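Observations on the model geometry
What follows is each chain in one-letter form.
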Amino acid sequence: MTFAIDRDRLVDTMQEQAEIGATDGGGLHRLALSEDDRRARDWFVEQLKQLGLEVTVDEFGNTFGYREGADPDAGTVLLGSHLDSQPYGGIYDGALGVVAALEFVRELEDRGVETAHPIEVVNWTNEEGSRFQPAMQGSGVWVGDHDIAEEYAKADSEGAVLEEELERIGYRGDDPAEPQRDYEAYLELHIEQGPYLEQRGADVGVVTGIVGFSWGAVTFEGEADHAGPTPMHTRSDALVAASDFVTGVRRVPGALGERTVATVGSVDLAPDSINVIPEEVTVTWDLRDPDDATIDEGRQRVLAEADAAAAREGVDWSFEDRMRASPVEFADGCVDAVQNAADAGGYDSLRMVSGAGHDATHMTAVMDTGMVFAVSEDGKSHNEDEYTSWDDCYSAADTYAKAAYRLAGE
Ligand code: HGY
Ligand code: MN
Ligand code: MN
């Protein structure tokens, strides 16, 4: 039997979820543990209940829907992604993976198929790492890469504490945030968020692994003073040092690998007044590469840039690491299941490493893991203009469903 999902229902479900936290610009503002994240979670739980799945929420808000399999001894196949978004993100990032997992189970129900392996659908807490760092936080706690007490104590830029926000939205569940079952494999569908599939004219991505990360923040401390009477040569301007650092970070990848990328994405300064010399500026770094040693080398170079910039302006500086994740490779069995599914669907596929982080990064620590990519038009993402055509959404979701069906077995 060729297993295929329902295209119209996939589109309808995508449009339904996209209304929760919708922005005027056609994107999503659905920050982790916000009111809109709560509404998206409630929507997700309702979908799970309609499918008759056993719903559980763990103590970090990771939310699961479980479906029995025919073989009680077979490991559970875990499917899903995340529903939280960037401040002005697109409607596909994370959501397409959750919806594709739901559509797969809906198709099993429609066909009355009982798979050999149990199936579980998941929505991970705070994949984006925008409001609270690090990224992939919920899945990281679940596999034991983060200490839950430390993550509970994290605060956002307004001072809201993660643990209180989780309780406020009603998603601090009872289950321990760790595997409660024996798992066979994890499979995640996600948009590529880069240009390679479109450039090569491929329909779907067969993902073989994910790059590693170093995230951190540097704080420059100068001296607030009056913008008028203070002579230029006596100033200690934290923003001048930070600006010097930002251009330095931009040069770091050129000295390393061809896949190295580095970004300063967030700036916070005080006192933030037009006629006061900036006293304190905090800027973040996000450095990635497929090779672990290159990431460490890159982090050292970033810190050297901070030291040089501070010295040139005569200000103090300090830093804190915010995240360190090593590159991961996916299990051959999962990569082959995705490749065979793409071939069975008649899709042109491209094997590739993900430049974006995903919850799949952490899953490799506890089970065989694989991913399917959907085309991102113009490679755009983390932007309201993020776009994947419904045809491309379907090609990837159909590949995903076929691969999940292979892993779950009849
Ligand atoms: O940062 C990332 O790559 C992911 O979007 N959290
Ligand atoms: Mn994502
Ligand atoms: Mn993202």
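It should be noted that the structure appears before, not after, this text.
To keep things clear, this report deals only with the structure shown in the data block. This is a predicted model, so every value here is computed, not measured. (Residues numbered from 1 in each chain as written. Chains lettered and ligands numbered in written order. Predicted model: local features only at pLDDT ≥ 70, side-chain atom pairs only at ≥ 80, totals over all residues. Heavy atoms only, no water.)

1. Quick look at the overall build of the protein
Heads up, the condition is: A run of H or I in DSSP counts as a helix once it spans at least four residues, and a run of E counts as a strand once it spans at least two, with each numbered from the N terminus. Note on method: radius of gyration uses C-alpha positions; expected globular size equals 2.2 Å times residues raised to 0.38. Three labels apply to residues, based on accessible area from a 1.4 Å probe with only protein chains included: buried if under 20% of the type maximum, exposed if over 50%, partly exposed otherwise in between. Note on contacts: a residue pair is in contact if any heavy atoms of the two residues lie within 4.5 Å. We get accessible surface area from the Shrake-Rupley algorithm with a probe of 1.4 Å; when it comes to residues, only the shown protein chains can shield them. Residues scored as positive are Lys and Arg, those scored as negative are Asp and Glu, and His as well as the terminal groups of each chain are ignored. Every charge is mapped onto a representative atom, which is NZ of Lys, CZ of Arg, CG of Asp or CD of Glu.
For the protein, the count of helices and strands is 12 helices and 14 strands. Here the C-alpha atoms of the protein give a radius of gyration of 22 Å, agreeing with the 22 Å that 2.2 N^0.38 yields for 410 residues. Each of the three principal axes of the protein carries a C-alpha extent, and together these read 80 × 45 × 40 Å. The buried share of the protein, taken over its 410 residues, is 57%. Sequence-distant contacts in the protein: of pairs separated by 6 or more residues, those separated by 24 or more amount to 79%. When the accessible surface of the protein is summed, it comes to about 16500 Å², and 43% of that surface belongs to carbon and sulfur atoms. Here the protein contributes 30 positive and 84 negative side-chain charges, whose respective centroids are spaced 2 Å apart.

2. Focus on the packing of aromatic side chains
Threshold: The criterion for an aromatic pair is that two Phe, Tyr or Trp rings (for Trp, the six-membered ring) have centres within 6.5 Å, with stacked assigned to planes under 30 degrees apart, edge-to-face to planes over 60 apart and tilted to the rest.
The full count for this structure, using the stated rule, is 14 aromatic pairs. Ring plane angle 45 degrees and centroid distance 6.4 Å describe the contact between tryptophan 285 and phenylalanine 319, whose orientation is recorded as tilted. A residue pair is termed long-range when its members are at least 10 positions apart, and tryptophan 285 in strand 10 (residues 280-289) and phenylalanine 319 in strand 11 (residues 316-325) qualify at 34 residues. Tryptophan 285 sits in the buried class, given a relative accessible area of 2%.

3. Remarks on the nonpolar core
What counts is decided by this rule: The set of buried Ala, Val, Leu, Ile, Met, Phe, Trp, Tyr and Cys residues whose side-chain atoms join them within 4.5 Å is what this entry labels a nonpolar core.
Leu78, Leu79, Phe104 and Trp142 are the most contacted members of the largest nonpolar core, which has 80 residues in total. Here this core gets 11 residues from one element, more than from any other, and that element is helix 12 (residues 390-408). Aside from chain neighbours lying at most four places away, what touches phenylalanine 104 is Phe3, Ile5, Leu79, Ile119, Ala401, Ala404 and Tyr405. Listed in part, the 20 residues of the second largest apolar core include Ala238, Val252, Val283 and Ala306.

4. Examining the site of ligand 1
Note the threshold: By convention in these notes, a residue is near a molecule or strand provided one of its non-hydrogen atoms lies within 4 Å of it. Whenever a nitrogen or oxygen atom comes within 3.5 Å of another N or O atom, the pair is scored as a polar contact, on the condition that within protein one atom can donate a hydrogen and the other can accept it, and that pairs from neighbouring residues in sequence are kept only if both atoms are in side chains. Under the scheme applied, nonpolar residues are Ala, Val, Leu, Ile, Met, Phe, Trp, Tyr, Cys and Pro; charged residues are Asp, Glu, Lys and Arg; polar residues are all the others, including Gly.
Glu127, Glu128, Ala135, Phe213, Trp215, Arg288, Ala356, Gly357 and His382 make up every residue found near ligand 1. At 2.7 Å from an oxygen atom of ligand 1 is found a side-chain nitrogen or oxygen belonging to arginine 288. One of the backbone N or O atoms of glycine 357 is found 2.8 Å from an oxygen atom in ligand 1. Within the shell around ligand 1, the residues separate by chemical class into four nonpolar, two polar and three charged.

5. A word on helix 3 (residues 95-111)
Note the following rule: By this rule, a helix spans an expected 1.5 Å times one less than how many residues it contains.
With 17 residues, helix 3 should cover 24 Å at 1.5 Å per step; its first-to-last C-alpha distance of 24 Å lies within 8% of that length. Counting buried positions along helix 3 yields 14 of 17 residues, so the element is predominantly enclosed. Just downstream of helix 3 lies glycine 112, where phi reads positive at about 65 degrees.

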